[in-house]
Structures are given as C-alpha cells and as structure tokens.
Amino acid sequence: MSIIRYVLRTIVPVACAVLCQSCGIYSFSGTSIQPDIRSFTVEYMQYKALRVNPSLSNDLTEALMDQFRRFTRLEQVEMDGDLVISGEITGYDVKAMAITANETAAQNRLTVTVKIYFTNNKYPDEDFDEGKSFSAYADFDATQLLDSVEPTLCEEIIDKLVEDIFNATVANW
C-alpha cells in the first residue's frame, strides 16, 4: 500500500508538471512565446486622432502593459525589450448608427482606431514592419451626451483593443 501512496504523492505530480510544461512555448493563457524571449517594452501610444481624448493614450498604454504583465512570464523593461510594442491612436470618431423614422439618430457609435508596430528582436519574421491597424467600437444611445458615457465606452473599447493587440503579438491568432 505504501508504494501506491509514494507513486500518487511523488511521481504523478512530477509527471503532470512535465506534461504541462511540454515544449515550453505554449501556456494556459494562449500565448506562444519562445522560451528565449524574456522581456517586453510597451512604448507610450502617441495620439494622432483629430478629435481629442486627453487620457486615451495613457489608458491604452497602461492597459497593454498590464495585459503583458498578467498573462505572460515576461519581465517589463523601459526600453530594448525582446518584444517591443509601440503605436499611435489614429482615429477617434463618433457616428450615427441607427436612424429613427423621423430621420434622427437613435444610436451613436464611438470608434477608436490604433496603428501598432510590433518588433520581436529575437524573431524578426514576426514583426509588424509597416504597422497593423486595430479598431474597436462601442454604441451608445443618442439621447446621451458623449461626455457622460465616454469613460465607460473608452474602457470597453480599450479592453477590446488590448485583447486584439495581445492576440496578434504573442498569441499568434
């Protein structure tokens, strides 16, 4: 009976750990980062959209850093990381989406567009040399002023953008 307990207490957990590690480039978060990549840098997102949102650049930059810290084993460094993400906010637009019978807007859509540059200093074939555009939106009732719903909408949009950027850079989706 003691041999069975020994096997269950020592060998089974070790075997499970080895199987979970496999080749070392996949994780439970869906990332596929090579084992020799150890650091990342997220540069401040420049704001180049015509319509101004003073906090969007900082909020997007911080959300990207947080996503990489939470879902990767990589160390964040100020500059020259193995992975470098930079970009610019190129669009911040509000458009009417649903029109009522009397031709007034019933619903509006806030859309944010960013252009992301990704550099993998160890595997340059994964770079976004020309940049890659990402866009996300959130709808709101036309009876509401943008100023009153903007913080909530931007939070929702940033979450979508960060997920898309993260997946495109380290999840290879």
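Our subject is the structure that appears above.
Procedures and definitions
- Residues numbered from 1 in each chain as written.
- Predicted model: local features only at pLDDT ≥ 70, side-chain atom pairs only at ≥ 80, totals over all residues.
- Heavy atoms only, no water.
- Helix = DSSP H or I, 4+ residues; strand = E, 2+ residues; numbered from the N terminus.
- Buried < 20%, exposed > 50% of the residue type's maximum accessible area, 1.4 Å probe, protein only.
- Phe/Tyr/Trp six-rings, centres within 6.5 Å; stacked < 30°, edge-to-face > 60°.
- Lys NZ or Arg CZ within 6 Å of the ring centre and 35° of its normal.
- Axes fitted to C-alpha atoms, helices over the stretch in contact; angles between N-to-C directions.
- Parallel < 35°, antiparallel > 145°, perpendicular 65-115°, else oblique.
- Left-handed = near helix turned anticlockwise from the far one by under 90°.
- Contact = heavy atoms within 4.5 Å.
- Nonpolar A, V, L, I, M, F, W, Y, C, P; charged D, E, K, R; others polar.
- Polar contact = N/O pair within 3.5 Å; in protein donor to acceptor, adjacent residues only side chain to side chain.

Colleague: So what exactly am I meant to see when it comes to unusual backbone geometry here?
Modeller: Glycine aside, negative phi is the norm for most residues, and most peptide bonds take the trans geometry. Located in the positive-phi region is Asp80, a residue other than glycine, with phi close to 60 degrees. The topology assignment puts Asp80 in the loop between strand E3 (75-76) and strand E4 (83-99). A relative accessible area of 66% means that Asp80 is categorised as exposed.

Colleague: Honestly, the packing of aromatic side chains in this entry has me stumped. Any pointers?
Modeller: Within the structure shown, the criterion is met by four aromatic pairs. Between Phe68 and Phe166, the aromatic rings sit 5.1 Å apart at their centres with planes inclined by 70 degrees, giving edge-to-face as the arrangement. Here Phe166 lies in helix H3 (residues 146-170) and Phe68 lies in helix H2 (residues 56-71), a separation of 98 residues in the sequence. In this pair, the class of Phe68 matches that of Phe166, namely buried. Considering the side-chain rings of Phe118 and Phe128, the 5.4 Å spacing of their centres and the 55 degrees angle between planes classify their relative orientation as tilted. Note that Phe118 is positioned in strand E5 (residues 105-120) and Phe128 in the loop between E5 and strand E6 (132-141), a separation of 10 residues in sequence. Per residue, the accessibility class of Phe118 equals that of Phe128, and both read buried. Through successive ring pairs, a cluster of aromatic residues spans Phe40, Phe68, Phe71 and Phe166. A cation sits over an aromatic face here: Arg109 above Tyr137, 3.7 Å from the ring centre. Looking at Lys160, its charged tip hangs above the ring of Tyr137, at a distance of 5.3 Å from the centre.

Colleague: I keep staring at the packing of H2 against H3 and nothing clicks. Help me out?
Modeller: Contact geometry for H2 and H3: axes closest at 9 Å, N-to-C directions at 50 degrees. Between H2 and H3, the angle is such that the two are oblique. Handedness of the crossing formed by H2 with H3: right-handed. Of H3, the residues touching H2 (which contributes Leu56, Asp59, Leu60, Ala63, Leu64, Gln67, Phe68 and Phe71) are Cys154, Ile158, Leu161, Val162, Ile165, Phe166, Thr169 and Val170. Of the residues belonging to the contact of H2 with H3, the class tally is 13 nonpolar, two polar and one charged.

Colleague: In this structure, what is going on with the side chain of Asn53? I would like to understand it.
Modeller: The residue Asn53 is located in the loop between strand E2 (46-47) and H2 in this model. Taking relative accessible area as the criterion, Asn53 reaches 8% and is therefore assigned buried. Of note is the side chain of Asn53, whose polar atom sits 3.5 Å from the side chain of Glu150. Filtering out sequence-adjacent residues up to four positions away, Asn53 remains in contact with Tyr47, Tyr92, Glu150 and Cys154.

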